[in-house]
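Residue-level listing of the chains:
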Amino acid sequence: MTLLAAEGLVKRFGGVVAAKDVSFALDPGEMLAIIGPNGAGKTTTFNMVGGQLRPDAGRVTLAGQDITGIPPRAVCRLGVGRTFQVAQTFLSFTVLGNVQMALIAHHGQTRRLLADAAALHRDDALALLDRVGMAAQAARPIGELAYGDVKRVELAIALAAAPRLLLMDEPTAGMAPSERSALMALVAGIARTERIGVLFTEHDMDAVFAHADRILVLVRGEIIARGTPAEVRADPEVQRVYLGHSGTRAAERAKRAHG
Amino acid sequence: MEWEFLLVQALSGLASASSLFVIASGLTIVFGVTRIVNFAHGSFYMLGAYVAVTIVPWLLEFDRSPWLFFAGVLLSALAVGAMGVVMEVLLLRRIYRVPELFQLLATFGVVLIVQDLVLLAWGPVDIPGPRAPGLRHGVDIAGQRFPAYELFLIFVGPAVLGLLWLLMHRTRFGVLIRAATQDREMVGALGVNQAMLFTGTLFLGAALAGLGGALQIPRVSANPQMDLSIITEAFVVTVIGGMGSVPGAFIAAVMIGLLQAFGVLVFPKITLVLVFLLMAAVLVVKPWGLLGRPEAAAGRAVLPEGILDPGRLDGLTRALVVVAVAAVLALPLLDAYAVKVGTEVLILALAAFSLNFLVGNGGIVSFGHAAYFGLGAYGAGLLVVKAGLPMEPALVAAPIAGGLAAALFGFFVVRLSGIYLAMLTLAFAQIAYAVVFQWVDVTGGDNGLVGVWPSRWAASREVYHYMVAAVTIAAIVLLRRVIHAPFGATLRAARDSAQRADAIGVDVRMHRWLGFILAGAAAGLAGGLYAFSKGSIDPTLLGIPMSVDFLSMLLLGGIQSVLGPVAGAAAFHALKDFFLPLTDHWRLFMGLSIIAMVLLFPRGLAGAWASLRRRPA
């Protein structure tokens, strides 16, 4: 059954059409990458799915339910976890506190006045941190972590909502190359074992071709190609407008590595 | 109503609008470039009037010509512009990078200093100015007499708007001002001499305020209350128009001028409420004002200024708390005066703690917390004096009054953030103040009401002290518990990253609103207790100086600490109580202290305590 479906999404900013008739579908456990040059409308598309932007036209459905234009907090409650291009965490909290906060919100306990927040959901939070490999850093203030580790914690925060769908806007932006592939492998593993759909945008072609099940290529707000990594790799139009030589080489490398 | 009458009414509205615009344009330009909301802008306005009533009559001695009158007005504006340069070089330059709350407090420190200096230089008596030669007559408009000077003022606003437009579009300085208003960092990156730009901007802004003040002298006498009365109106104009937007300020000034001129006809006593309704309506539809634009989000994440980790009390701090509570309980062993001061400290500590619940824990910088304190006091006091109820139900009503007011104002306040939020809280507080001040039949107006005494069992100072201690300590313990609870953590989370909080399913606005109501109710309770400790209520309980006192307690105590504001309240009130009778220049002393604290001691007592504790033994 389709987990997420976008149908004919349109968004204009003044005279600029940032998204023009964007449609796609995503199944549980599937990793769908949106790629495209800067300004192609990737983040716009993303924000229309996540509730940060309301589309001018079109529909977004999650497991058949219309979620077009509802606010992010409501999208979250329907089982959508989200990470941002620039990691968004609670800077004054510890690593553990960040995940505990997400769990408190997930359990609808944010209005409790007398419980001790630091004692709530400790074990669950530690388990989530363990899954992203950050349990050893649990007690540290999140502001002290390296950026790659912050991104991992942000993933744990997103997972705290027990999501059916993860929205990851450039999950590896700002990370070192070695950290990138480790993070993407982690996300792919979690997605497949727990049947979580992942929609992500990415500039790192190695990460895209190694981990995406399907790829959408967005240029100037329009989808110019879609398909499996092999199909997109072979598309002459994509090679011309976007991948260029280095992108094509990355696609070749991924092909050799993953057979 | 005759149409002639309406026409004259509209003209007088336009005259006020014109004056208001001249002042507000300076405020909005300074904000646009420096991102500092300059409280002292009202002081510049007042100084403009005082300088003008000094030099204009002197000039008119030579020749009673209109030219000399206006030369004097312009000279006054330039002199005030020079004072703006002094303020920029001595103070603002050092605080461009400190948190907004501290910037606001520091410029308010300048307000206090100027108030005392004006009293020293010109004395407490109002000084009437000369009327403008050549414009003393009335003009016949549709059979009604209309003062020529007012007619002249109508044209000043558009003229200043036109000159500012030329300056902004035809000169390098003006282009830089517009560029800095849009993106200050980019202007710096392009190699513009920022120090010169900022100093020049302050000159322009202060000169406009001075011009506004100098132009008023034929209409109103120069008086020491001019600064705070104008600053609220100027804030309202800049907020409605959009901060940083000069045309926005013009539109807003015209709207307010006309609203007041015609509002007087319909609701003679509550024109301020109409202004409030206009502002609320605009902000609901356009949260950044008519022509303002949203604050560009900072690209990088910055550690918030406030409570970071509420944590647990360590052993020594716990011991300190026990000693403090024991000292409070032992005060009746000393004299009656110590008991009185101790009771007040407890009450102010609760008010300060409730404010830091918003500021330190929620990142909601309220500049009008005295409104909830004062309305709590009036809620309790009116029940006793007017309805004849005893103390107990009145004290139950106090937090309800504070909470209801916070619910009403907070509904609008939590839609905004940062400096807009601070200005809106201030404006609401001023409106509450004006209502209490003007509604003489119910509130007793300026004189307030007396006879707010405790019930017989609590009539002695000592018993009342113990009752206050029980109530305030219980309330502080409870609020502290809330800071550690999920609700408090959620407010901190929303402060750190509203976007992240939203994405994990938190309704940020709703939680901020509930937090605002809780803090308002706690302040209201403190206000109720205060009313009974004094036996009376009066409008100063809601005034800006009271709000600033509360913020100074936070500053002194340290907003990063949970219990710091309590220590700050104790230290502040003890100092004030000790020094106030000794000096005629309390405001000068207080203003200098606030500025010194912002510059030298921004972590407050709690910060000093923490660094003392960290030092290796």
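The model shown is predicted, which means the values in this text are computed figures rather than measured ones.

**A few points about the pairing of strand β1 (residues 4–13) of chain A**
Residue and element names in this part refer to chain A.
Step number 1: The element β1 is extensively covered by neighbouring structure, given that seven of its ten residues are classed as buried.
Step number 2: As judged from the seven bridges shared by β1 and strand β2 (residues 16–26), these two strands associate in the antiparallel manner. Looking across to β2, one finds that Lys11 is bridged to Ala19.
Step number 3: Note that β1 and strand β4 (residues 57–62) share five bridges and pair antiparallel. Across the sheet, residue Glu7 finds its bridge partner in β4, namely Arg59.

**Topic: the side chain of B:Thr472**
Step number 1: Among the secondary structure elements, B:Thr472 is positioned in helix α18 (residues 461–484).
Step number 2: For B:Thr472, the side chain forms a polar contact with the main-chain oxygen of B:Val468, separated by 2.7 Å.

**Observations concerning helix α15 (residues 391–413) of chain B**
Step number 1: Given a rise of 1.5 Å per residue, 23 residues ought to cover 33 Å, and the 32 Å separating the end C-alpha atoms of α15(B) matches this to within 8%.
Step number 2: Remark: the principal bend of α15(B), roughly 30°, maps to B:Ala407.

**Examining a nonpolar patch on the surface**
Step number 1: A grouping of B:Leu599, B:Leu600, B:Phe601 and B:Leu605 is seen on the molecular surface, where their side chains present a nonpolar patch of about 350 Å² in accessible area.
Step number 2: Residue placement: B:Leu605 occurs in helix α25 (residues 604–614).

**A short note on the sheet that holds β2(A)**
Step number 1: Reading across the sheet, the four strands line up as β2-β1-β4-β5 (chain A) and stay open at both edges, with antiparallel pairing between neighbours. The open sheet is flanked by β2 and β5 (65–66) of chain A, the only strands paired with a single partner.

**Concerning the environment of B:Ala398**
Residues and elements named next belong to chain B.
Step number 1: The residue Ala398 is located in helix α15 in this model.
Step number 2: For Ala398, a relative accessible area of 0% gives the class buried.
Step number 3: Along the sequence, Ala398 and Ile431 sit 33 residues apart, while their C-alpha atoms lie 19 Å from each other.
Step number 4: Sequence-distant contacts of Ala398, defined by excluding residues within four places in its chain, comprise Gly376, Ala380, Gly524, Leu525 and Gly528.

**Examining the pattern of salt bridges**
Pairing between side chains of opposite charge can happen when their charged atoms approach one another.
Step number 1: A complete count under the given rule lists 21 salt bridges over all chains for this structure.
Step number 2: Residues A:Arg59 and A:Glu7 are paired through a salt bridge, measuring 3.6 Å at the closest nitrogen-oxygen approach. Taken together, the positions of A:Arg59 in strand β4 and A:Glu7 in strand β1 put the pair 52 residues apart, joining distant regions of the chain.
Step number 3: On the accessibility criterion, A:Arg59 (37% relative accessible area) is partly exposed.
Step number 4: Given a relative accessible area of 37%, A:Glu7 falls into the partly exposed group.
Step number 5: Between B:Lys534 and B:Glu344 there is a salt bridge, and its shortest N-O distance comes to 3.1 Å. A residue pair is termed long-range when its members are at least 10 positions apart, and B:Lys534 in helix α21 (residues 508–534) and B:Glu344 in helix α13 (residues 336–362) qualify at 190 residues.

**Looking at the domain arrangement of chain B**
Residue and element names in this part refer to chain B.
Step number 1: Taken domain by domain, chain B consists of domain 1 (3–224) and domain 2 (334–543).
Step number 2: Distance between the C-alpha centres of domain 1 and domain 2: 35 Å.
Step number 3: Contact residues are listed per partner, giving seven residues for domain 1 and eight residues for domain 2.
Step number 4: For the pairing of domain 1 and domain 2, the buried interface totals around 720 Å² over both sides, and the portion due to carbon and sulfur atoms is 91%.
Step number 5: Of all residues in domain 1, Glu100, Leu101 and Leu104 bury the most surface against domain 2, accounting for 52% of the area lost on that side.
Step number 6: The tally of links from domain 1 across to domain 2 stands at zero salt bridges.
Step number 7: Our count for the domain 1 to domain 2 interface comes out at zero residue pairs in polar contact (both at pLDDT 80 or more).
Step number 8: Class assignment for the residues of the side of domain 1 that touches domain 2 results in six nonpolar, no polar and one charged.

The rules behind these values
- Residues numbered from 1 in each chain as written.
- Chains lettered and ligands numbered in written order.
- Predicted model: local features only at pLDDT ≥ 70, side-chain atom pairs only at ≥ 80, totals over all residues.
- Heavy atoms only, no water.
- Buried < 20%, exposed > 50% of the residue type's maximum accessible area, 1.4 Å probe, protein only.
- Helix = DSSP H or I, 4+ residues; strand = E, 2+ residues; numbered from the N terminus.
- Pairing = 2+ DSSP bridges.
- Polar contact = N/O pair within 3.5 Å; in protein donor to acceptor, adjacent residues only side chain to side chain.
- Expected span 1.5 Å × (residues − 1).
- Bend = angle between axes of the 7 residues up to and from the residue.
- Patch = residues over 30% accessible without salt bridge, like charges linked within 9 Å, V, L, I, M, F, W, Y side chains within 5 Å.
- Areas by Shrake-Rupley, 256 points an atom, 1.4 Å probe, with all protein chains shown as cover.
- Salt bridge = Lys/Arg side-chain N within 4 Å of Asp/Glu carboxyl O.
- Contact = heavy atoms within 4.5 Å.
- Domains from an automatic or database assignment.
- Buried area = accessible area lost by both parts, 1.4 Å probe.
- Nonpolar A, V, L, I, M, F, W, Y, C, P; charged D, E, K, R; others polar.

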